[in-house]
Amino acid sequence: MRSIAGWGRFSGNVVYVAPRSSVDGYGKPTYGTDVRYDAHLANKQEMVRAPNGQEVESKQQAWLFTTDVIPTTSRLTLSTADVGSTEPTQTQPKILAVVRRFDGGRPHHSVVYL
């Protein structure tokens, strides 16, 4: 089995993920500290199943080279250079689904569907 570190040469992108920590008095989510991940971004239309069971269309995926669990309630931030925009809807797209990929029975990487 190859190590995740060996995949780094395929990434070329960086994303930041902050776990949702709570909700403020106005019902707006608050987040913890951003964690940096090397990633590969792919623009591919694909139907995925959201946590509520509904099928939704993903237009972009971020392959994160980590064994960390990424909850769908987290905030993911893309580089403005990667998306060509400074709009928050583009730089912080909603996480639709997360699939952890396994190799040899162990977590290998995660695919975050946006």
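Look above for the structure.
What counts as what
- Residues numbered from 1 in each chain as written.
- Predicted model: local features only at pLDDT ≥ 70, side-chain atom pairs only at ≥ 80, totals over all residues.
- Heavy atoms only, no water.
- Helix = DSSP H or I, 4+ residues; strand = E, 2+ residues; numbered from the N terminus.
- Buried < 20%, exposed > 50% of the residue type's maximum accessible area, 1.4 Å probe, protein only.
- Contact = heavy atoms within 4.5 Å.
- Areas by Shrake-Rupley, 256 points an atom, 1.4 Å probe, with all protein chains shown as cover.
- Core = buried A, V, L, I, M, F, W, Y, C linked by side-chain atoms within 4.5 Å.
- Pairing = 2+ DSSP bridges.

(A) Representation of the overall build of the protein in the model. Secondary structure assignment for the protein yields 3 helices and 10 strands. Counting from the amino terminus, helix and strand elements in the protein follow one another as α-β-β-β-β-β-β-β-β-α-α-β-β. Taking all 114 residues of the protein together, 33% fall into the buried category. Restricting to contacts in the protein with at least 6 residues of sequence separation, those with at least 24 account for 50%. Here the protein has roughly 7100 Å² of accessible surface; of this, 49% comes from carbon and sulfur atoms.

(B) Looking closely at the side chain of Ser-110. With respect to the helices and strands, Ser-110 occurs in strand β10 (residues 106-113). A relative accessible area of 0% means that Ser-110 is categorised as buried. In contact with Ser-110, other than residues within four places in its own chain, are Ala-62, Trp-63, Leu-64, Thr-66, Asp-68, Val-98, Val-99 and Arg-100.

(C) Geometry of the environment of Pro-51. Within the secondary structure, Pro-51 is located in the loop between β5 (46-49) and β6 (55-58). The class for Pro-51 is exposed, based on a relative accessible area of 62%. Considered as a pair, Pro-51 and Pro-71 are 20 residues apart in the sequence and their alpha carbons are 10.0 Å apart. Look past the residues within four positions of Pro-51 in its chain and what remains in contact with it is Thr-72 and Leu-96.

(D) Quick look at the nonpolar core. Counting 13 residues, the largest nonpolar core has Val-15, Leu-64, Leu-76 and Val-112 as its most contacted members. Among the elements of the structure, β1 (13-18), β4 (35-42), β7 (61-64) and β8 (75-78) are those that each provide at least two residues to this core. No other element matches the 3 residues that β4 contributes to this core. Not counting the four nearest positions on each side in its chain, Leu-64 is found in contact with Val-15, Val-17, Tyr-37, Asp-38, Ala-39, Ile-70, His-109, Ser-110 and Val-112.

(E) Broad picture of the pairing of β6. Here β6 shows a buried face lined by Val-56 and Ser-58 and an unburied face lined by Glu-55 and Glu-57. Judged from the 4 bridges that link them, β5 and β6 form a sheet pairing that is antiparallel. Pairing of Met-47 across the sheet is with Glu-57, part of β6. The antiparallel pairing of β5 with β6 creates a hairpin that spans 5 residues between the two strands, and Gly-53 there sits at a positive phi of about 95 degrees.

(F) Representation of the environment of Ala-50. In this structure, Ala-50 sits in the loop between β5 and β6. Assessed through its relative accessible area of 14%, Ala-50 is described here as buried. Once residues lying within four places of it in the same chain are set aside, the contact partners of Ala-50 are Val-56 and Leu-96.

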